Each structure stands twice: as structure tokens, then as C-alpha cells.
Amino acid sequence: MLALQGDVREHLAALRAAGALPRPVRRPEELGGVAGLVIPGGESTTISKLATAFGLLEPLRARVAEGLPVYGSCAGMIMLADKILDPRSGQETVGGIDMIVRRNAFGRQNESFEAAVEMAGVAGGPVHGVFIRAPWVESVGAGAETLAAHDGHPVAVRQGNLLATAFHPELTGDHRVHGLFVAMVRAAGG
């Protein structure tokens, strides 16, 4: 669990409920001992700047390139994008998913909403999507697969061992998305 900023506690609880043994990662040396990583929702610019300040950005990029399973929700989706359409000054991403995202695409804080989201790979009907200043995916490349869309915009994407959602399943009590990620980690040998 990348524990620099954002809804870390909620993801830790959801991962435990999905059968994982999560631990916080704040320093590069802690990254080496994890079999998978969650990049939480929060503020993508702040996460980017803190990852750089703590010396984590390059080690994160290296671990993603090596095949580390990573799940990013909301700001985490932005961090996993190869390109941001409207980045803040100095904002960088870890990258790994061949997609272009737009920050705050669904609107400002007061335009946040909840919606049922049909998501491929998640059995049992729609997941409850909590969209808070959420991004959407403008386009996906050939290597990325759209798992869910809302109002015609991709909101869940997977590429290999990387999973990203524009919404916050960790806030709902429904742990199926985290369960999907835990299964991805186990399939990768974690």
C-alpha cells in the first residue's frame, strides 16, 4: 500500500477483507518486499511530488516494468497512466498503462457522485462506484483493456498486471475489486 497520501486506511481494510496481508510503503527499501502495490485515491499531484521527494518514483517505475502487480484508484489511476492530458506543473506518473487520462474529468468536488458500474472480471453484478473529482480515460492503447465505462468514458482499465479505476471501491464495503487485484497478485506469484 503506497502510504504517502490519500485514502490509505480504507484500502488497507479492503485488502485485508479480500484476503491480503497489506503493509504501508513509504520508502524505496519497503517497496522491495511487496508482491503487489495499491496506489490510493487522493491528490495525484501531491502523490507525484511526495513519491519524488521520498525517492520512490524511479523504484516504482522499475518495479512496474519488472511486472509488479499494481492497482490504482482515482489518483492512483492517474499515477498509472502513461500520459495525463492536463497535468499540473511538474506532475509525473509511474506509468505502465497505455492510456491517456483527464484529471477531474467528471467535475469538481461538489459534482462528485455514485453510480452502479458493470465491470468485466468482477462477478456478482455491478460494483458501487464512488466518483470523487474522478478522472476518466480519454483513450486506451492496444495493450490496455477497458473493463468498465460510465457515460461513454472508460473508468476501469487493465493492462497485464496493472489495474486502475476512476472510482473508489474502498469506500463502499464491497471488496470485489480488491479481490480481483489480490487474485492478480497471487497469479503473478505473490
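Here, the structure is the one placed above.
Not measured: the values here are computed from a predicted model.

Thresholds applied
- Residues numbered from 1 in each chain as written.
- Predicted model: local features only at pLDDT ≥ 70, side-chain atom pairs only at ≥ 80, totals over all residues.
- Heavy atoms only, no water.
- Helix = DSSP H or I, 4+ residues; strand = E, 2+ residues; numbered from the N terminus.
- Buried < 20%, exposed > 50% of the residue type's maximum accessible area, 1.4 Å probe, protein only.
- Contact = heavy atoms within 4.5 Å.
- Pairing = 2+ DSSP bridges.
- Axes fitted to C-alpha atoms, helices over the stretch in contact; angles between N-to-C directions.

**Structural notes on the side chain of T45**
Its place among the elements puts T45 in helix α3 (residues 44-53). Given a relative accessible area of 9%, T45 falls into the buried group. Here T45 is in contact with R88, Q91 and R103, once residues within four sequence places are set aside.

**Observations concerning the sheet that holds strand β10 (residues 162-165)**
The mixed open sheet is built from five strands, whose spatial order is β1-β2-β10-β9-β8. Each edge of the open sheet carries a strand with a single partner, namely β1 (37-39) and β8 (145-150). For this sheet the average axis-to-axis angle between neighbouring strands, irrespective of direction, equals 15°. Of the strands in this sheet, β1, β2 (70-73), β9 (153-159) and β10 are in contact with helix α6 (residues 176-187), which crosses β10 at around 170°.

**A few points about the sheet that holds strand β7 (residues 136-140)**
Ordered in space as β3-β4-β7, the three strands form an open sheet in which the pairing is mixed. The sheet is open, and its two borders are formed by β3 (81-84) and β7, each paired with just one other strand. For this sheet the average axis-to-axis angle between neighbouring strands, irrespective of direction, equals 35°. As paired elements, β3 and strand β4 (residues 97-102) share three bridges and run parallel to each other. Bridged to K83 within β4 is I100.

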